[in-house]
Amino acid sequence: MKKIACLVIVAFAFGMMFSTSAFSARETIIKIGINAPMTGDIPKVGEGSKYAAMLWLEDIEKAGGLEVGGKKYKVELVIEDNESKAESAVKANTKMISQDDVLAIVGPQSSKQAIPAGEVANKYKTVMISPWSTNPSTTLDRPYVFRGCFLDPFQGPVVANFITDEFGFTKAAVLYDVASDYPKGLAEVFKEAWEKKHGPGSIVAYQSFTTKDTDFSSQLTQIVKSGAQVLFTPQYYNEIPLIVRQAKDLGWKGPIVGSDSWGSAELVDLCGEACYGLFFSTHYAAAGAKGATKAFIDRYNTAYGYVPDDVAALTWDALLLVQQAIQDAGKITGKIETDRTAVRDSLAKIKNFAGITGNMTFTEEGDPIKCAVIVKINDKGEFEFYKSSCP
Amino acid sequence: MEALIELVQFILQNLINALQRGSFYAVISIGYSMVYGVLMLFNFAHGDIFMVATYIGFGIATLFLALFSGFLPGPLIFLATIVITMFLASWIGVFVEVAGYRPLRSAPRASAAITGLMIGIIFETGILILLGAKRLSFPPLMESIAYNVGGVYFTNVKVMIIIISLLLMLALHTFIQKTKWGMAMRAMSYDFLAVPLMGVSINVIAPLTFAVGAGLAAVAGILYGQAYPILDPYMGVIIGWKAFVAAILGGRGSIKGAALAGYLIGFIEIFVATIFPSTLRDLIAYSIILLILTYRPRGFFGMEHSTKLRL
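All of these numbers come straight from a predicted model, not from anything done at the bench. (Residues numbered from 1 in each chain as written. Chains lettered and ligands numbered in written order. Predicted model: local features only at pLDDT ≥ 70, side-chain atom pairs only at ≥ 80, totals over all residues. Heavy atoms only, no water.)

Undergrad: Teacher, can you tell me more about helix H2 (residues 43–62) of chain A here?
TA: Along an α-helix, residues three or four positions apart point the same way, because every turn accommodates 3.6 residues. All names here are of chain A. If you check H2, its first and last C-alpha atoms are 28 Å apart, about what 20 residues at 1.5 Å a residue would give, namely 28 Å. The set of residues buried in H2 consists of Val45, Gly46, Gly48, Ser49, Tyr51, Ala52, Ala53, Leu55, Trp56, Leu57 and Ile60. Against strand S1 (29–36), strand S2 (66–68), strand S3 (71–81), helix H10 (291–304) and helix H11 (310–329) lie the buried residues of H2. (Helix = DSSP H or I, 4+ residues; strand = E, 2+ residues; numbered from the N terminus. Expected span 1.5 Å × (residues − 1). Buried < 20%, exposed > 50% of the residue type's maximum accessible area, 1.4 Å probe, protein only. Contact = heavy atoms within 4.5 Å.)

This is the structure:
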């Protein structure tokens, strides 16, 4: 039903475009595609993307259109459901590019869909920004594909900087799962970054365990003995409670710091007060947000009745990036291929873009260099914005 | 001198860690060993019985803490949780025997062994369907207090786990050596063909053995919940296999051996992980065990005749 309605709207929009262009002298409409999982496994992600996009459109409409090179253009959103499936995401991208003539695409969110959909976007030379996909393959060797979030390994240097600036420590310990890609990669990157800062041997304990282990006492005994001042453990939220408790029981007194894999609401349920006061890095934190981030959260909350999650915030930033890129392009020629390339070129040149999830500058690969948010688990067990940390 | 003190501290610290870990292997492996002694088969569902028992313990502990934490002293709630959970879990053991093994008593041994695996999978997926994939956190039944004695850290929970496990094994030993039921079990493990002719029914002794094994697993589960408070439906698999290794190493059917081997595995695991990278832990630990078994195929206290009979 929704699909039909969507199609009708799109068809109607088409009709409008033809009719207006037939009468008045070629008024161009800027169309932005949203490729999101409105149904399927993660409909909440799709909903967040759509709501953020609608708020953005509201702003544009309030301003009477998008101003490019001194002329105001009407903006339309084309929202396509990818059903949280790779093939549907590809289909949605193909349709938006070839039939709807979108200028740029925001989405898909998950790497599972963003990787194949990015292939299509790149082939047809259309800018695509995936706000949420953290897999390197999404943007790798694809000049037209960008992302709005940092890559997993990027958190290593960020956390190393944060610990150094915040506590002034020089000796760190790492505890990680050697049989799992994400923690292993992150532990290695952290070690490298830390040793670059504090010299070789400044990682005084580099201890590993294997997936499904529940007893870390021998590793933690060595970590405590090593004289480390801080423990970095990029593990998942179900392992953190065990690590934290056992560390404290073995006499660990220093801070324990983690990465975005900690960021599940279940963490505090499982860990309780033992985890209060600990830090981890992530994309965005709702509690304790300030400035533009807080303004967005409040607006979203008023409009839709709940606090937006990281997907909504990252989608919002992606749309503002698209907007900035279009404006930087300087003019809309009406020839869609030319315009798409112009938008791509100006997007790649964006520097120090002030987003609500941090400042961004794009690299050659289309991955942003941006600051991560350091979250502190406060005394109420909430994930509270503590500070922004940059690489 | 200072280096020596540090070394002693380090060894003592790991010793305490190993005693805690070993206690779980010991208590769980006794369940394997007892069933083997009586029925000459390994109950491969035992690791999952331990898991189900832990979930039951979780339910009882949560309920009791909600009902009584205001006016009953903590240790009493702890004790009540253990007793009630043991009682309920022993019925799980009886159920496994009656539904799973009894119909297959005269079937080939391989069928019975596979039945155990099936029951284990049924328990895992059953819990998954019933409670979902969300992990649960076992509520602490006593406040954890950390002590530092001469640079060696331990908590009251750790000490309690070790003491309760030892007491439990002592109680079981007394039960088997001093009571009539215990004597019947011993007799059954000695000769399961002649003893039923003397009026001791295998249909009573077998479920009793399963019940005792499951009761022990229940205590292990509650203690495990205190030490490692994250519950998931597959938590019994790995610990079950390691306890099974302990039962073999201790000598099939020997309770004393199972307990000893459980502690030994705990020690080997902790000390190997301390000296070598943790990736080598299981490799080295189980190579040592393989070596022991090569020279003592019957384990520490395996009975002479047991190899002739079955499996």
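We are not done yet, so read on.
Undergrad: What am I meant to see in the pairing of S3(A) here?
TA: Here is the key point about a regular strand: its side chains alternate between the two faces of the sheet. Residues and elements named next belong to chain A. S3 sits mainly inside the fold: eight of its 11 residues count as buried. Taken together, the eight bridges between S1 and S3 define a ladder with parallel strand orientation. Across the sheet, lysine 31 pairs through a bridge with glutamate 76, a residue of S3. Bridge count for S2 against S3 is three bridges, and the pairing is antiparallel. Pairing of valine 68 across the sheet is with lysine 71, part of S3. (Pairing = 2+ DSSP bridges.)

Undergrad: Would you take a moment to explain the pattern of salt bridges for this structure?
TA: Where charged atoms from two side chains of opposite charge approach closely, those side chains can pair. Under the definition given, this model contains 17 salt bridges over all chains. A salt bridge links Glu47(A) to Lys44(A), with the shortest nitrogen-to-oxygen separation between them at 3.5 Å. With Glu47(A) and Lys44(A) both in helix H2, this residue pair falls three residues apart, about one helical turn. Glu47(A) gets classed as partly exposed once you look at its relative accessible area, which sits at 25%. Residue classification places Lys44(A) among the partly exposed residues on the basis of a relative accessible area of 48%. The partner of Glu97(B) in a salt bridge is Arg105(B), with the nearest N and O atoms 2.5 Å apart. Here the salt bridges share partners, and the residues they tie into one network are Asp213(A), Lys242(B), Glu269(B), Arg281(B) and Asp282(B). (Salt bridge = Lys/Arg side-chain N within 4 Å of Asp/Glu carboxyl O.)

Undergrad: Teacher, can you tell me more about empty space enclosed by the protein here?
TA: Rolled over the atoms, a probe with the dimensions of a water molecule shows which regions are left empty. One pass over the structure, following the stated rule, counts one cavity of 30 Å³ or more. In this model, the largest cavity occupies a volume close to 130 Å³. As for the largest cavity, its lining consists of 14 residues, and the residues nearest its centre are Gln246(A), Asp249(A), Gln20(B), Lys158(B) and Ala227(B). For the lining of the largest cavity, the secondary structure elements donating two or more residues are helix H8 (240–249) of chain A together with helix H1 (2–39), helix H5 (156–178) and helix H7 (202–227) of chain B. Top contributing element to the lining of the largest cavity by residue count: H8(A), with three residues. (1 Å grid on protein atoms, 1.4 Å probe; cavity = no way out; pocket = protein on both sides within 12 Å on 5 of 7 lines; lining within 4 Å. Points joined across faces, edges and corners; volume = space filled by probe spheres on them.)

Undergrad: Is there a simple way to explain a nonpolar patch on the surface in this structure?
TA: A cluster of nonpolar residues, Met1(B), Leu4(B), Ile5(B), Leu7(B), Val8(B), Ile11(B), Leu12(B) and Leu15(B), forms a patch on the protein surface that exposes about 740 Å² of accessible area. Relative to the helices and strands, Leu4(B) resides in helix H1. (Patch = residues over 30% accessible without salt bridge, like charges linked within 9 Å, V, L, I, M, F, W, Y side chains within 5 Å. Areas by Shrake-Rupley, 256 points an atom, 1.4 Å probe, with all protein chains shown as cover.)

Undergrad: Quick question: what am I supposed to make of the interface of chain B and chain A here?
TA: Reports often express the size of an interface as the amount of accessible area lost when the parts come together. Opposite the 31 residues of chain B that make contact, chain A presents 28 residues. Interface area for chain B against chain A, summed over the two sides, is near 2,500 Å², with a carbon-plus-sulfur share of 52%. It is Arg135(B), Tyr153(B) and Ile230(B) in chain B that bury the most area against chain A; as a group they hold 21% of the surface buried on that side. Here chain B is connected to chain A by one salt bridge. Taken together, the links from chain B to chain A amount to 12 residue pairs in polar contact (both at pLDDT 80 or more). Taken together, the elements giving at least two residues each to the side of chain B that touches chain A come down to H1, strand S1 (136–137), strand S3 (152–155), H7 and helix H9 (255–275) of chain B. Per-element tally for the side of chain B that touches chain A: the top contributor is H1(B), with six residues. (Buried area = accessible area lost by both parts, 1.4 Å probe. Polar contact = N/O pair within 3.5 Å; in protein donor to acceptor, adjacent residues only side chain to side chain.)

The analysis is restricted to geometry; functional conclusions fall outside its scope.
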